[in-house]
Each structure stands twice: as C-alpha cells, then as structure tokens.
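Residue strings, one per chain:
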Amino acid sequence: MNDLYLIAHIAGQRVALAAAAIDSVVHVTHTTSVPLAPPHLKGLAALRSRVITMIDARVALGLDPAEQTQTLTTVVVNLDGHQYGLVVDMVEDVCAIAGAPSPVRSRLGAGWARASLGLLDHDGASLLLIDPAIVAAGNVALAA
C-alpha cells in the first residue's frame, strides 16, 4: 500500500509529513506577533479569510530559529478542526511511499525524538516521519 507524504526540510533535515493532515503549502509574507506567546508561536496570519496560527517548526523542535526572511514557506495542517501553519525551510514534493514506518534506531535530539513517528525509506534515503500535532504543540510539554 502506498501512502502520500509531503517531503520538506527543517534545519537541513529532510522530513516527511502525512499528506492526509495537510491542507496546502503557501508562502506567507506577513505575521502578527502574539504578546506573551510561547517561543515556537511565530504569530498569526490571514489565509483565505481565516486566521491561522503560525508555528516555527525549528523552535518547536528545540532548534535555533531560521534567519528572518520576507516570505515564510508554510505547510498548512488541519489539527482537531484548527489550521496551523508550520514554517519550514523548504518543501520538495508530495510522493507516494510504500510500507509502514520503521522504528528509529539512532539517537535523536529531544525535539526530533518527541515528534518522530519513525523512518520511511524513499529513493535510497531515510526520511524522518514527523507528527505535525507534536510540532504544533511545541516544547511546551517539556517546560511543564
């Protein structure tokens, strides 16, 4: 069985996200900051007459934020009836990948380990399958 996945880059790491949760990929040029928000919450943005919560995927995974750019490559995901924009470095493609994810057998950083759902083999390379809900939640659970 083939499942569809979006391949993106976060902090130089190629990752896969299940396409079922993804609404679209957009380029956002303006966000509005939210006072007292957790660090991974980049702000709010208007998208198709709706407000979406923008999440810095790097910060949510416990990594350093990316350099500021004019345009944010954003993967819009639907989670529990709400839309979130996961800011990533780059989006490659959507592709079908056969088989279930295999367990990760190497040591990952805390953020990556928390968000990981396993490894997928695609074109001779391993892709880390990540859970967009964990990325959207950020590292708030670690702070508690």
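Here is a short report on the structure shown in this document. Not measured: the values here are computed from a predicted model.

On a plain count of helices and strands, the chain comes out with four helices and 10 strands. Listed N to C, the secondary structure of the chain is β-β-β-β-β-α-β-β-β-α-β-β-α-α in terms of helices and strands. Dimensions of the chain along its principal axes, counting C-alpha atoms only, are 40 × 35 × 30 Å. Within the chain, the fraction of its 144 residues that count as buried is 38%. Intrachain contacts of the chain at a sequence separation of at least 6 include 57% that bridge at least 24 residues. Carbon together with sulfur atoms contributes 53% to the accessible area of the chain, which is approximately 8000 Å² in total. Here the chain contributes 8 positively and 12 negatively charged side chains, and the mean placements of these two sets differ by 5 Å.

If you trace the backbone, Pro103 turns up in the loop between β8 (90-98) and α2 (110-115). Residues Pro103 and Leu117, 14 residues apart in the sequence, show an inter-C-alpha distance of 7.8 Å.

Bringing the nonpolar core into the picture now. In this structure, Ile10, Leu86, Ile130 and Val135 are the most contacted members of the largest nonpolar core, which totals 21 residues. For this core, the secondary structure elements donating two or more residues are β1 (2-10), β2 (13-18), α1 (57-60), β6 (72-79), β7 (82-88), α2, β10 (125-130) and α3 (132-137). Apart from residues lying up to four places away in sequence, Val135 is in contact with His40, Ile55, Ala57, Ala60, Leu61, Leu86, Ala115 and Ile130. Of all hydrophobic cores here, the second largest spans nine residues; its members include Ala45, Leu47, Ile52 and Val76.

The subject of this paragraph is unusual backbone geometry. Although it is not a glycine, Leu36 sits at a positive phi angle of roughly 65°. With respect to the element layout, Leu36 can be found in the loop between β3 (22-28) and β4 (41-47).

Note on placement: Thr71 falls in the loop between α1 and β6. Relative accessible area serves as the criterion here: at 37%, Thr71 is assigned to the partly exposed category. Through-space distance from the C-alpha of Thr71 to that of Leu128 is 25 Å; in sequence the pair is 57 residues apart. Apart from the residues lying within four places of it in its own chain, the contact partners of Thr71 are His27, Val28 and Thr29.

This part is about the pattern of salt bridges. Throughout the structure, instances matching the rule amount to three salt bridges. Between Glu92 and Arg14 there is a salt bridge; the shortest N-O distance is 2.8 Å. Of this pair, Glu92 sits in strand β8 while Arg14 is found in strand β2, placing the two residues 78 residues apart along the sequence. By relative accessible area, which is 26% here, Arg14 ends up partly exposed. Across the pair Arg48 and Asp23 runs a salt bridge whose closest N-O atoms are separated by 3.3 Å. Highlighted residues: Arg48 in the loop between β4 and β5 (50-56) and Asp23 in strand β3, separated in sequence by 25 residues.

Within the fold, His122 resides in strand β9 (residues 116-122). Polar side-chain contacts of His122 include one of 3.3 Å to the side chain of Asp123.

Calculation criteria
- Residues numbered from 1 in each chain as written.
- Predicted model: local features only at pLDDT ≥ 70, side-chain atom pairs only at ≥ 80, totals over all residues.
- Heavy atoms only, no water.
- Helix = DSSP H or I, 4+ residues; strand = E, 2+ residues; numbered from the N terminus.
- Buried < 20%, exposed > 50% of the residue type's maximum accessible area, 1.4 Å probe, protein only.
- Contact = heavy atoms within 4.5 Å.
- Areas by Shrake-Rupley, 256 points an atom, 1.4 Å probe, with all protein chains shown as cover.
- Lys, Arg positive; Asp, Glu negative; His and termini not counted.
- Charge placed at Lys NZ, Arg CZ, Asp CG, Glu CD.
- Core = buried A, V, L, I, M, F, W, Y, C linked by side-chain atoms within 4.5 Å.
- Salt bridge = Lys/Arg side-chain N within 4 Å of Asp/Glu carboxyl O.
- Polar contact = N/O pair within 3.5 Å; in protein donor to acceptor, adjacent residues only side chain to side chain.

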